[in-house]
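In case you want the letters, here they are:
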Amino acid sequence: RQATFFHLGSSDVLKLLAMVDFKFPPLSKTFTESWGPPPHGEEDFAAKIGICDFVEHLDKFPLTKIGKICDFTASGQRWMQEKGKGGKGPKGFGKGKGGFVPVAPPKNDDEGFSLVDSRPLTSKGNGKGRGGASRSKGKGKGKDINYQEGILGQRPKLNAQKGDLKGKGKGRGGLQRRGLPSFREWSVQTKTEWEMKREIMLHSLAKLQLNANEVLYEDLMWCGSLHTYNRVYDRVTTKTEKRLARYEDLGFFNVTTSDDWHLQEMLTADPTVTVIATDHILACLIAAARSVYSWDVIISKVAGKIIIDKRNGSQIDFLSVNETAQDPPNVEDKDSYNGPVRLSQEASCINQNFSQMCLDREAGAKELDAGNPFDPDDGETQVASGAYRYRKITLPGNPKSEDEFEKSPLVMVVRTEVNARMPDEKGGKGLVSVKALNEYEPKPNYAWRSHLESQRGACLATELKNNSFKLGRWTAQAILSGCDTMKIGYLSRQTNNDPLNHTLLGVQTHMTDGFAEQIGLTRNNMFGILRAIIDMVMQWEDGKYLVLKDPTKSVLRLYEVPWDCFQSDDEDEEEHEEEEEQELDEDGNIAPQQPG
């Protein structure tokens, strides 16, 4: 300090001391026009003022909350840049390679809103699809894309009285434009106001038993057409592989229970019927203990009657691939053709095409009671071959139960599907359920082309391990429909990176009861699960209930939801279907109108 004073003059020293002795003037409690001390001073003001005294002034600043002190030094900005690059920047700063990109504070009118659009660019190839059928003919570059996406789960415009399908829909990317979620995400986002009625551990479903010998079956109606299975495909080998045909112009239908007017009439006409459902939905409940991904089912109880439904575009409309494998498809790679969503679309398309390819068209179709109930009958759509078998299934009651409903038999009407019949089919014997397994990424040490002929049992065992839920669903559907034979085809991509073209490498034939025993599915346990779930819902009041599979745990949860829940999705879909069709150019954009 002495050295400093030696080089300074007296006047400079006085100025330096004056700066050291500077005191911040007190703040005024009465002056509220602006921040800081009063312009003329207030000698009598000596009160200490805290942050609470300035609360009324906070509306002058565009702040929503008090955060950390900003560090505008060079080191502080470098720290923020490094944090932003790692994707952990604070709210309001860019994420990823953009680094430190501050966002201006919102104005009063825009406060609380963010105008950041992180959605990926949509594909240029768009196509026109038909609402109701999984028939989707592409336009321009979008043909192959819509072939993959325009598949199962399309709900038709159905008149409950006449059952006619009317109206054409404009589809952009099929189900994908409705935001199909990843398989490892929740199929439905639950809400806090929903009451959870029951939580079922999936391993406990194996203990539910019912005497299947006392189950009664009765055919109510046959609809559609039933062709004969072509036995030529039983002789296909890896050396004589056949290319899978694509039936893009056929209409495939998987209509939910509440949109099937035949089921509605059967429920109201027969007072003994308590439950109506489809085999697709019931098979998911039966094979629930084998599932890993999330899925959901809707159960509605009205006046003592139960309707088991599915949402439009639900996960159960699709077939998963390698869901239970030790190395399942990468869920993070959603845009790849080897991601879970794209693989499910590919597997569903393969099953539809193979069910039509293996039929003997020259032999003709068997005449049934009625035509396809979901045929739009517009002269343009040709429906796919297949029969709908409406069956009344009576489950016996438990005589030891104290509840009156559980003691009495349970009658339900189920719409089941039969794909084909054997040439020697008589009296309901010889019905065939046709399904297809697909290979998408052959391994060097395991590939169907090199192992299917020499190690058929090993290939089937591997598929039972990797696709336990899917095979359990197929077996349950075959039992409910009364098919005593299952034809399972093995199809592989022609090239590993081509998900649109496939070849048939072989077909294995299994008797349904023997195959069910092989995979550990018994009729006693199958009907015991259905009876237990229905008895549980019958104890509750009339309402709408959601059955939801947890994607992270082996748990099935049942929630009570409002009656109007999930209707907004259907209304949005109807609005898209009612839009006027517009011509698209080769890039998928709306083409300008040509002058007349």
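Here the structure is shown first, and the text comes after it.
Throughout this description, residue numbers start from 1 for each chain and increase along the sequence as written. pLDDT decides what is reported in this predicted model: residues at 70 or higher carry local features, side-chain atom pairs at 80 or more are listed and counted, and totals for whole chains, interfaces and linings draw on all residues regardless. Working from all heavy atoms in the structure, the side-chain values ignore hydrogens and water.

1. Points about helix α10 (residues 456-466)
Here is step 1 of the chain: Exposed residues in this analysis have more than 50% of their type's maximum accessible area, buried residues have under 20%, and partly exposed residues fall in between, with area computed by a 1.4 Å probe over protein chains only. Working definition: helices are DSSP H or I runs of at least four residues, strands are E runs of at least two. Numbering for both runs from the N terminus. Those residues of α10 lying buried are C459, L460, E463, L464 and N466.
Here is step 2 of the chain: If you follow the buried residues of α10, they end up packed against β16 (429-439), α9 (448-451), α11 (468-481), β17 (485-493), β18 (502-511) and α12 (512-519). Every residue pair with non-hydrogen atoms within 4.5 Å of one another is taken to be in contact.

2. Let's talk about the packing of α11 against α12
To describe two helices that pack against each other, one gives the angle between their axes and the distance between the axes.
Here is step 1 of the chain: Working convention: axes come from line fits to C-alpha atoms, limited for helices to the stretch in contact. Angles between N-to-C directions cover 0 to 180 degrees. Put simply, α11 and α12 touch, their axes get as near as 10 Å, and they point 145 degrees apart. Of the two elements, α11 crosses α12, and the hand of that crossing is left-handed. Contact with α11, carried on its side by L471, G472, T475, A478 and I479, involves T512, F515, A516 and I519 of α12 and no other residues of that element.
Here is step 2 of the chain: Each residue is assigned to one class: nonpolar for Ala, Val, Leu, Ile, Met, Phe, Trp, Tyr, Cys and Pro, charged for Asp, Glu, Lys and Arg, and polar for all the others, Gly among them. Residue classes in the contact of α11 with α12 are distributed as 6 nonpolar, 3 polar and no charged. For any helix crossing, the convention is left-handed if the near helix is rotated counterclockwise from the far helix by under a right angle, and right-handed if that rotation is clockwise.

3. Considering the nonpolar core
Here is step 1 of the chain: The definition of a nonpolar core used throughout is a set of buried Ala, Val, Leu, Ile, Met, Phe, Trp, Tyr and Cys residues joined through side-chain atoms within 4.5 Å. Counting residues in each nonpolar core, the largest one holds 74 residues, and the members touching the most others are W295, V297, I308 and F527.
Here is step 2 of the chain: With sequence-adjacent residues up to four places away left out, I308 is seen in contact with T257, V275, I276, A277, I281, L282, V297, I298 and I299.
Here is step 3 of the chain: Core analysis: the second largest hydrophobic core is formed by 17 residues, Y229, M357, A436 and L504 among them.

4. Things to note about the packing of aromatic side chains
Here is step 1 of the chain: Stacked, edge-to-face and tilted labels apply to pairs of Phe, Tyr and Trp rings (six-membered ring for Trp) whose centres lie within 6.5 Å, assigned for plane angles under 30 degrees, over 60, and everything in between, in that order. Applying the stated rule across the entire model yields 8 aromatic pairs.
Here is step 2 of the chain: Judged by centre distance (5.4 Å) and plane angle (85 degrees), the rings of F374 and Y388 are edge-to-face. Pair noted here: F374 is in the loop between β11 (359-360) and β12 (382-383) and Y388 is in strand β13 (residues 386-395), with a separation of 14 residues, a long-range link. We note that F374, like Y388, is buried.
Here is step 3 of the chain: A connected cluster of aromatic rings, assembled from ring pairs, spans W194, Y559 and F566.
Here is step 4 of the chain: Over the aromatic face of F405 sits the side chain of R531, whose NZ or CZ is 5.6 Å from the ring centroid. Our definition puts a charge over a ring when NZ of Lys or CZ of Arg is within 6 Å of the ring centre and also within 35 degrees of the ring normal.

5. Some details on the sheet that holds strand β9 (residues 296-302)
Sheets are built from strands paired through backbone hydrogen bonds, the pairs being either parallel or antiparallel.
Here is step 1 of the chain: Strand order in the open sheet formed by 9 strands is β3-β20-β19-β9-β10-β8-β14-β13-β4, and the pairing between neighbours is mixed. At either end of the open sheet lies a strand with only one pairing partner, and these are β3 (195-201) and β4 (216-225). Neighbour-to-neighbour, the strand axes of this sheet turn through a mean angle of 20 degrees, independent of strand direction.
Here is step 2 of the chain: DSSP calls a pair of strands paired once it identifies at least 2 bridges connecting them. Pairing of β3 with strand β20 (residues 555-561) involves 6 bridges; the strand directions are antiparallel. What sits directly across from M196, in β20, is Y559.

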